[in-house]
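Here is what each chain is made of, one letter per residue.
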Amino acid sequence: MASSSLLSSPPPAPLCPPLPRGAPTLLSAANRQPLLYSTRPPPLARANIQTRLHCGDANASACNMRFLRAGGCKLLVGLSSSNRERGEALRAVGGSNLDEGQEEGSDEDVEDITDDALRATIRKSKKVLAVQRKLLQQIVERRELVSSIKDSVVNTEQEPVSNSWSNNSLSDADVGGSFSNLNIDSTGAERHRTYNSNNTGSSADSFTQSAEVGRSESQPTTSSEESFYVEEEPKDGLEVLGLLNEVDLEIPQSEIMAPVLPEASESSNVKDEKHEDLAEAKVVGLSEEQEVAPDEEYLDSPPLAGANVMNVIVAAAECAPWSKTGGLGDVVGALPKALARRGHRVMVVAPRYGNYAEAQEVGVRKRYKVDGQDMEVTYFHAYIDGVDFVFLDSPVFRHIGNDIYVGKRTDILKRMVLFCKAAVEVCFLVPCGGVCYGDGNLVFVANDWHTALLPVYLKAYYRDHGLMIYARSVLVIHNIAYQGRGPEDDFVFVDLPSNYMDLFKLCDPVGGDHFNIFAAGLKTADRVVTVSHGYSWELKTPEGGWGLHGIINELDWKFQGIVNGIDTKDWNPKSDVHLKSDGYTNYSLETLQSGKAQCKAALQQELGLPVRDNIPVLAFIGRLDHQKGVDLIAEAMHWIVGQDVQLVLLGTGRPDLEEMLKNFQRQHGDNVRGWVGFSVKMAHRITAGADVLLMPSRFEPCGLNQLYAMMYGTVPVVHAVGGLRDTVHQFDPYGETGLGWAFERAEANRLIDALGNCLRTYRTYKSSWEGLQKRGMMQDLSWDNAAHRYEEILVAAKYQW
Ligand SMILES: Nc1ncnc2c1ncn2[C@@H]1O[C@H](COP(=O)(O)OP(=O)(O)O[C@H]2O[C@H](CO)[C@@H](O)[C@H](O)[C@H]2O)[C@@H](O)[C@H]1O
């Protein structure tokens with residue numbers, strides 16, 4: 001067994017010298033301020049990060065402190081001289097987190113600072129307390145409402161004639177329906193909670209939910225126990241106020257414990273404060289003069305990860321919108337934002353393939369050895385939608401653009417070696433918002449074979465040496481067909497001790513004895529995820545596991561499927577930026593018929609097809625390769641062109657398939673368009689303008705296009721495999737249920753059967769068609785559900801030893 005040979009071998013020397021924990025090692029070129037890390041992982045993200053600043057330049061220091069305050073840090077301010085300007089600068093940052101640590105500053109300065117700091121802290125605390133008070137009020141009001149509802153129900157049963165409900169025109173649905181309870185999907189998994197904002201006041205469920213906001217998880221929901229909370233209020237209040245009176249201005253617990261994200265914009269700050277406030281909501285008694293009008297904005301905060309808040313670093317070869325060749329880029333561009341919305345501190349690390357306007361150089365440089373050559377990496381950073389995007393710049397990545405996997409096998413391998421070596425250290429090197437992530441409470445999320453070396457490096461360079469022992473790794477399988485296979489000699493490139501070779505060795509009928517990067521990553525990661533339930537099952541079969549099924553079966557205990565979500569900001573017909581010109585229009589469920597008809601006409605016009613509203617427009621979007629089954633469409637072409645339909649294909653990939661697309665257009669110019677290329681704009685426009693999306697994929701780990709299609713009222717016809725089986729439920733004309741057509745075998749005649757039924761429904765059964773469209777659009781396909789599932793995996797990894 002690979003693992004036993006690893007254990008019996010002497011620990012290999014670290015190839016990249018690890019950074020000693022707790023040492024002030026990292027200097028940002030811009031600021032050159034040593035950053036100290038906490039030596040124990042805090043219970044919550046960044047709970048006890050301390051940073052010591054030496055204030056040379058007043059404005060720079062103030063600026064740094066803004067960052068640090070936004071990052072929830074406790075500042076220990078070292079004053080190197082006293083002057084008015086510096087005092088002003090310090091006041092400008094609010095100073096609520098200022099601490100002692102005056103090395104040479106005058107008492108006057110310090111008093112000013114501490115006064116301001118005290119005032120700011122009190123102001124902030126008042127705001128927090130006001131929100132908490134409002135929450136309690138809501139709890140009480142809703143409890144009263146619920147008990148009055150219960151009374152009414154009892155009265156109804158006792159006095160059927162004088163029914164108080166009928167007076168209020170409230171049905172049963174009104175009582176429990178404002179909060180749609182946990183939706184259970186076909187696998188029995190919890191899907192989502194949704195609130196009906198118009199009706200929260202009358203919902204028992206919404207009452208429970210609101211009450212939970214102000215409680216720790218273990219706290220019960222019965223009314224007697226709720227009153228227990230109320231009785232506890234004064235004690236909490238005293239605790240909070242006591243904190244304010246402490247001379248050394250320790251940060252109030254509410255600030256320390258809350259997940260806080262670095263400052264980027266006003267709006268994100270407001271959101272962060274909301275998180276703080278609600279996460280730590282405890283009720284305190286306030287005197288009249290202490291009362292502050294609660295800010296309504298604080299109250300509609302999304303659910304938090306609570307005590308599960310972690311530091312998460314997502315590493316991937318591509319990240320939309322900066323780099324994307326397919327679904328991996330989409331996932332890496334969107335999932336981190338959903339995790340950040342839950343309160344985690346989240347970073348995405350990706351190579352910098354071009355000049356990205358949003359990202360600024362952070363001034364840190366580091367050299368790594370790859371194949372005996374020194375390669376320098378510089379780091380660029382942008383903070384967007386609550387996520388730190390860190391791009392690694394090196395000549396080997398530069399100017400690749402979207403041709404991410406260009407070059408020889410060994411060139412790609414070396415790029416990924418460099419990327420993974422640098423990515424595993426990014427938590428020490430890049431001061432996001434002024435503070436590095438550090439290695440406490442940290443989990444890396446690696447994606448596909450390109451970053452499967454990251455869990456291996458984490459182990460070989462660090463954990464085997466007693467370093468980064470609290471950091472964990474999760475590996476996500478987006479597509480097992482690409483594994484980073486090569487001859488065993490490739491091992492020299494990955495720069496690992498020889499006893500690690502066992503992890504990479506694989507023998508299968510396809511590759512014989514070979515070197516396999518995905519295999520090593522799967523064995524080393526603390527948890528493994530794949531992107532749908534269907535695919536998680538298929539991966540364990542010889543047909544679906546592509547040689548890795550044996551390993552996947554062995555690691556079943558740490559393996560799970562989570563269906564991808566979609567970025568509902570990017571892919572939303574209501575707001576899609578690509579539908580704002582050239583005759584296209586945004587539309588919603590309410591304007592579906594007119595909006596979609598307009599988009600269809602605009603698409604036909606843009607592609608030079610006859611503009612006809614009664615002809616069904618079929619579409620295919622995807623990589624042109626064996627996986628996507630575009631050749632099945634080719635086989636069915638003779639039938640398709642006889643159906644009075646229009647067909648639009650957008651794709652790039654294998655040259656022979658690209659040529660095939662061009663030929664389709666040449667041969668059937670009146671009805672078929674084959675667009676060879678990669679165009680995000682066209683992908684959006686086709687999704688909006690088409691009536692039907694074809695996805696005859698031979699295998700499909702999850703598939704995003706069918707999800708996008710359903711969001712846009714475009715009905716999918718798919719091969720029932722992997723994530724397509726999970727997400728496209730077969731239309732049942734009798735029950736008027738289902739979302740599209742899913743055929744059982746990847747064969748042209750099956751595709752023809754399914755498409756035939758689909759076209760018949762489109763032409764003959766208009767109301768059924770509309771039902772299909774609407775059911776698709778009404779689903780909650782957002783990443784928020786999946787992010788919750790990922791969070792469970794991250795926490796499981798955290799407690800994995
Ligand atoms: N020519 C073109 N022009 C513009 N856009 C194009 C395009 N070709 C493809 N795209 C876009 O690329 C994405 C493709 O995503 P998919 O999930 O369908 O497939 P992919 O196989 O790349 O992803 C892999 O990873 C994802 C994420 O986990 C899994 O869903 C999937 O099953 C797995 O194969 C979509 O956003 C699509 O619009």
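Residues numbered from 1 in each chain as written. Predicted model: local features only at pLDDT ≥ 70, side-chain atom pairs only at ≥ 80, totals over all residues. Heavy atoms only, no water.

Q: I keep staring at the overall build of the chain and nothing clicks. Help me out?
A: Scanning the chain for helices and strands turns up 29 helices and 23 strands. Here the chain holds 801 residues, and 55% of them are scored as buried. By sequence separation, contacts in the chain at least 24 residues apart represent 71% of the contacts at least 6 residues apart. As displayed, the chain offers around 33,000 Å² of accessible surface, 52% of which is attributable to carbon and sulfur atoms. (Helix = DSSP H or I, 4+ residues; strand = E, 2+ residues; numbered from the N terminus. Buried < 20%, exposed > 50% of the residue type's maximum accessible area, 1.4 Å probe, protein only. Contact = heavy atoms within 4.5 Å. Areas by Shrake-Rupley, 256 points an atom, 1.4 Å probe, with all protein chains shown as cover.)

Q: Looking at this model, I keep getting lost on the site of the ligand. Mind explaining?
A: In the vicinity of the ligand lie 28 residues, with Asp 330, His 478, Arg 623, Glu 700 and Gly 703 positioned nearest. At 2.7 Å, a side-chain N or O of His 478 approaches an oxygen atom of the ligand. Within the side chain of Gln 627, an N or O atom sits 3.0 Å from an oxygen atom of the ligand. Protein burial of the ligand: of its 710 Å² of free accessible surface, 97% is covered by the chains. Among the secondary structure elements, those contributing two or more residues to the shell around the ligand are helix H11 (327-341), strand S18 (617-624), strand S19 (646-653), helix H24 (680-689) and helix H25 (705-711). Looking at the shell around the ligand residue by residue, the classes come out as eleven nonpolar, twelve polar and five charged. (Near = heavy atom within 4 Å. Polar contact = N/O pair within 3.5 Å; in protein donor to acceptor, adjacent residues only side chain to side chain. Nonpolar A, V, L, I, M, F, W, Y, C, P; charged D, E, K, R; others polar.)

Q: Would you take a moment to explain the packing of helix H21 (residues 592-607) against helix H28 (residues 766-778) for this structure?
A: Two packed helices can be described by the angle between their axes and the distance between those axes. Where H21 contacts H28, the axes come no closer than 12 Å and their chain directions differ by 95°. If you check the angle between H21 and H28, you find them roughly perpendicular. On H28, the residues that touch Leu 592, Gln 593 and Lys 596 of H21 are Glu 770, Gln 773, Lys 774 and Met 777. For the contact of H21 with H28, the per-class residue count stands at two nonpolar, two polar and three charged. (Axes fitted to C-alpha atoms, helices over the stretch in contact; angles between N-to-C directions. Parallel < 35°, antiparallel > 145°, perpendicular 65-115°, else oblique.)

Q: It is not clear to me how the nonpolar core should be interpreted in this structure. Could you clarify?
A: Formed by 159 residues in total, the largest nonpolar core has its most connected members in Tyr 379, Ile 477, Val 494, Leu 496, Phe 504 and Leu 522. In contact with Val 494, other than residues within four places in its own chain, are Leu 413, Val 417, Leu 453, Tyr 457, Tyr 461, Phe 504 and Phe 515. In this structure, Val 692, Val 715, Phe 743 and Leu 772 belong to the second largest nonpolar core, which totals 33 residues. (Core = buried A, V, L, I, M, F, W, Y, C linked by side-chain atoms within 4.5 Å.)

Q: Explanation requested: the pairing of strand S12 (residues 472-477) in the structure shown.
A: Burial within S12 is extensive, with six of its six residues counted as buried. Residues of S12 alternate between two faces, with Arg 472, Val 474 and Val 476 on one and Ser 473, Leu 475 and Ile 477 on the opposite face, all of them buried. The sheet contact formed by strand S11 (residues 442-447) and S12 spans five bridges and is parallel. From the neighbouring strand, Val 445 faces S12, where its bridge partner is Val 474. One crossover worth recording links S11 to the parallel S12 by way of helix H14 (residues 453-462), and it is right-handed. (Pairing = 2+ DSSP bridges. Right-handed = clockwise from strand over helix to strand, strands pointing away.)

Q: What is the right way to read the sheet that holds strand S21 (residues 692-695) from this model?
A: Whenever strands of a sheet pair, they do so through backbone hydrogen bonds, lying parallel or antiparallel. Strand order in the open sheet formed by six strands is S20-S19-S18-S21-S22-S23, with parallel pairing between adjacent strands. Edge positions in the sheet fall to strand S20 (672-676) and strand S23 (741-743), since each of these pairs with one other strand and no more. If you compare each strand with its neighbour and ignore which way they point, the axes differ by 15° on average. Relative to S18, H21 is tilted by about 65°, and along the sheet it contacts S18, S19 and S20.

Q: Hey, could you run me through the packing of aromatic side chains in this one?
A: Each aromatic ring pair is specified by the distance between its two centres and by the angle formed by the two planes. Overall, the coordinates contain 18 aromatic pairs when judged by the stated rule. Taking 6.3 Å as the distance between ring centres and 45° as the angle between the ring planes, the aromatic pair formed by Trp 322 and Tyr 356 counts as tilted. Note that Trp 322 is positioned in the loop between strand S6 (311-315) and H11 and Tyr 356 in the loop between strand S7 (345-351) and strand S8 (360-370), a separation of 34 residues in sequence. Centroid distance Trp 571 to Tyr 712: 6.1 Å. Interplanar angle 75°. Geometry classified as edge-to-face. Taken together, the positions of Trp 571 in the loop between strand S17 (559-561) and H21 and Tyr 712 in the loop between H25 and strand S22 (715-719) put the pair 141 residues apart, joining distant regions of the chain. Judged by its relative accessible area of 4%, Trp 571 falls in the buried class. A relative accessible area of 0% places Tyr 712 in the buried class. The structure contains a cluster of three or more aromatic residues connected by ring pairs, namely Trp 322, Tyr 356, Phe 389 and Phe 391. (Phe/Tyr/Trp six-rings, centres within 6.5 Å; stacked < 30°, edge-to-face > 60°.)

Q: Would you explain the side chain of Thr 530 in this entry?
A: Considering the arrangement of structural elements, one finds Thr 530 in strand S16 (residues 527-530). On the basis of relative accessible area, Thr 530 is assigned to the buried category, the value being 0%. What Thr 530 contacts, discounting residues up to four positions off in sequence, is Ile 477, Tyr 535, Ser 536, Leu 539, Phe 559, Gln 560, Gly 561 and Ile 562.

Q: Can you help me understand the sheet that holds strand S10 (residues 387-393) in this one?
A: Taken in spatial order, the nine strands line up as S8-S9-S10-S7-S6-S11-S12-S16-S17 in an open sheet, and their pairing is mixed. Each edge of the open sheet is held by one strand with a lone partner, namely S8 and S17. In this sheet, adjacent strand axes meet at a mean angle of 25° when their direction is disregarded. Against the sheet, helix H12 (residues 409-423) contacts S6, S7, S8, strand S9 (373-384), S10 and S11, and its axis sits at roughly 120° relative to S8. Against the sheet, helix H17 (residues 517-524) engages S12 and S16, with an angle of about 135° to S12.

Q: Explain the pattern of salt bridges to me, please; I cannot follow it from the model alone.
A: For side chains bearing opposite charge, pairing can occur when the charged atoms are close. Tallying each qualifying case throughout the model produces 33 salt bridges. The partner of Asp 330 in a salt bridge is Lys 324, with the nearest N and O atoms 2.8 Å apart. Here the two residues Asp 330 and Lys 324 agree in accessibility, since each one is buried. Here Arg 685 ties to Glu 606 by a salt bridge, and the two come within 3.1 Å at their closest N and O atoms. Of this pair, Arg 685 sits in helix H24 while Glu 606 sits in helix H21, and the two are 79 residues apart along the sequence. Judged by its relative accessible area of 1%, Arg 685 is buried. Judged by relative accessible area, which is 32%, Glu 606 ranks as partly exposed. Bridged by salt links that share partners, the residues Glu 361, Arg 365, Arg 367 and Glu 376 form one connected network. (Salt bridge = Lys/Arg side-chain N within 4 Å of Asp/Glu carboxyl O.)

Q: What am I meant to see in helix H23 (residues 655-667) here?
A: For an α-helix the count is 3.6 residues per turn, leaving residues at separations of three or four pointing the same way. Helix length check: H23, at 13 residues, gives a terminal C-alpha distance of 18 Å against a target of 18 Å (1.5 Å per residue), a fit within 8%. Next to the buried residues of H23 lie S18, helix H22 (630-640), S19 and S20. (Expected span 1.5 Å × (residues − 1).)

Q: Any chance you could explain the packing of H22 against helix H27 (residues 748-764) here in plain terms?
A: As a packed pair, H22 and H27 sit with axes 9 Å apart at the nearest point and diverge in direction by 50°. One element, H22, and the other, H27, form an angle in the oblique class. Where H22 crosses over H27, the handedness of that crossing is right-handed. Between H22 and H27, the residues in contact are Leu 632, Ile 633, Glu 635, Ala 636, Trp 639 and Ile 640 and Ala 748, Leu 751, Ile 752, Leu 755, Gly 756 and Leu 759, respectively. The residue makeup of the contact of H22 with H27, split by class, is ten nonpolar, one polar and one charged. (Left-handed = near helix turned anticlockwise from the far one by under 90°.)

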